[in-house]
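# Chain and residue survey
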Amino acid sequence: MSRFSQLSHLDLWHFTLYSFEDLRRIICALPGLLDLTLSNGDAASGSPSHHDGTGFTPRNSPRIRKVSLDQMKRGIMVPFLQWLASTNVFSTCVELETGIWDDALEDWVTYLPPVLEHIGCTLESLTYHYYGTCLNTGTSSSVFCIFCWHFLHSIGIDRLTASLVHCTCLSTLVLHIFFPDSKSWQDLVTTLHNIVLHISS
């Protein structure tokens, strides 16, 4: 990998590695890496091999400034988020973009808050893409930077704003809400009011 020491941008799409450790080895072998995109990744070993939380940061490891994660399978995603929340490889990260599906929602609720606690003080841009299911049609929908009704109530407004409190460099928070027909306007107004109250405090 020494021939790629100056590589600054890495995109991996629709990939399968044996385990998360293989992915970590690739990333740490690229000392010039600044921008990392991982999409539709999986681990052939199956269930997640949980990262031990020791903050693995080898000598001459990169200092990544932008991370984009989209539709990652649990075998790669869970240990990657645990590593992201503990290593200095991402300690200067300024942009985090995530793609979340319904079947991975609980993992994001569990593992995203520690990530924001660890790197939130340097983040300038935070984006969630939520790929949910429209309750009235049953079809899949993707909306940029979305906090749909299901996502807000699954993660919990308290947990959402508690995580954002670590993001002291964020200057703007944009909430695009997909609101299902089955909910009343009163529910929407109440939800928005609670969000504004939590963020203002």
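Bear in mind that the values here come from a model prediction, so they are computed numbers and not experimental data. (Residues numbered from 1 in each chain as written. Predicted model: local features only at pLDDT ≥ 70, side-chain atom pairs only at ≥ 80, totals over all residues. Heavy atoms only, no water.)

What follows covers the overall build of the protein chain. Helix and strand counts for the protein chain stand at six helices and eight strands. Considering the protein chain as a whole, with its 201 residues, one finds that 45% of them fall into the buried category. In the protein chain, of all internal contacts separated by at least 6 residues, the share reaching a separation of at least 24 is 81%. Carbon and sulfur atoms make up 54% of the accessible area of the protein chain, which totals about 10100 Å². (Helix = DSSP H or I, 4+ residues; strand = E, 2+ residues; numbered from the N terminus. Buried < 20%, exposed > 50% of the residue type's maximum accessible area, 1.4 Å probe, protein only. Contact = heavy atoms within 4.5 Å. Areas by Shrake-Rupley, 256 points an atom, 1.4 Å probe, with all protein chains shown as cover.)

The next thing to look at is the side chain of serine 61. Along the chain, the position of serine 61 falls in the loop between β4 (42–43) and β5 (66–70). Residue classification places serine 61 among the buried residues on the basis of a relative accessible area of 10%. Within the structure, the side chain of serine 61 is placed 3.0 Å from the side chain of arginine 63, a separation counted as a polar contact. Every residue in contact with serine 61, bar those within four places of it in the chain, is listed here: Cys28, Pro31 and Val89. (Polar contact = N/O pair within 3.5 Å; in protein donor to acceptor, adjacent residues only side chain to side chain.)

Burial within β5 is extensive, with four of its five residues counted as buried. Inspection of the sheet shows strand β3 (residues 35–39) paired to β5 by five bridges, in the parallel sense. Bridging across to β5, threonine 37 finds its partner in serine 68. (Pairing = 2+ DSSP bridges.)

For the rest of this paragraph, the subject is the environment of tyrosine 111. Within the secondary structure, tyrosine 111 is located in helix α3 (residues 105–119). Taking the relative accessible area as the measure of exposure, tyrosine 111 reaches 16% and is therefore buried. On a C-alpha basis, the gap between tyrosine 111 and alanine 85 in space is 8.3 Å, while along the polypeptide they are 26 residues apart.

On to the confidence of the model for the protein chain, then. In this model, the protein chain carries a mean pLDDT of 77, and residues with pLDDT of at least 70 account for 66%. The secondary-structure element of the protein chain with the lowest mean pLDDT is strand β8 (residues 140–143), recorded at 40, while strand β1 (residues 9–13) shows the highest, at 97. Low confidence marks residues 134–149, where pLDDT is under 50. Its contacts with residues over four positions away, or in another chain, come to 52 contacts. (pLDDT = per-residue confidence, 0-100.)

Before going further, it helps to examine unusual backbone geometry. Unlike most non-glycine residues, histidine 14 shows phi in positive territory, near 50 degrees. Along the chain, histidine 14 falls in the loop between β1 and β2 (16–17). The phi torsion at glutamine 71 lies on the positive side, around 55 degrees, for a residue other than glycine.

A separate point is the pattern of salt bridges. Counted according to the given criterion, the structure contains three salt bridges. Between aspartate 107 and arginine 74 there is a salt bridge, with the nearest N and O atoms lying 2.5 Å from each other. Taken together, the positions of aspartate 107 in helix α3 and arginine 74 in helix α2 (residues 74–84) put the pair 33 residues apart, joining distant regions of the chain. A residue is classified by how much of its surface remains accessible, and aspartate 107, at 10% relative accessible area, is buried. Of the residues examined, arginine 74 reaches a relative accessible area of 39% and is grouped as partly exposed. (Salt bridge = Lys/Arg side-chain N within 4 Å of Asp/Glu carboxyl O.)

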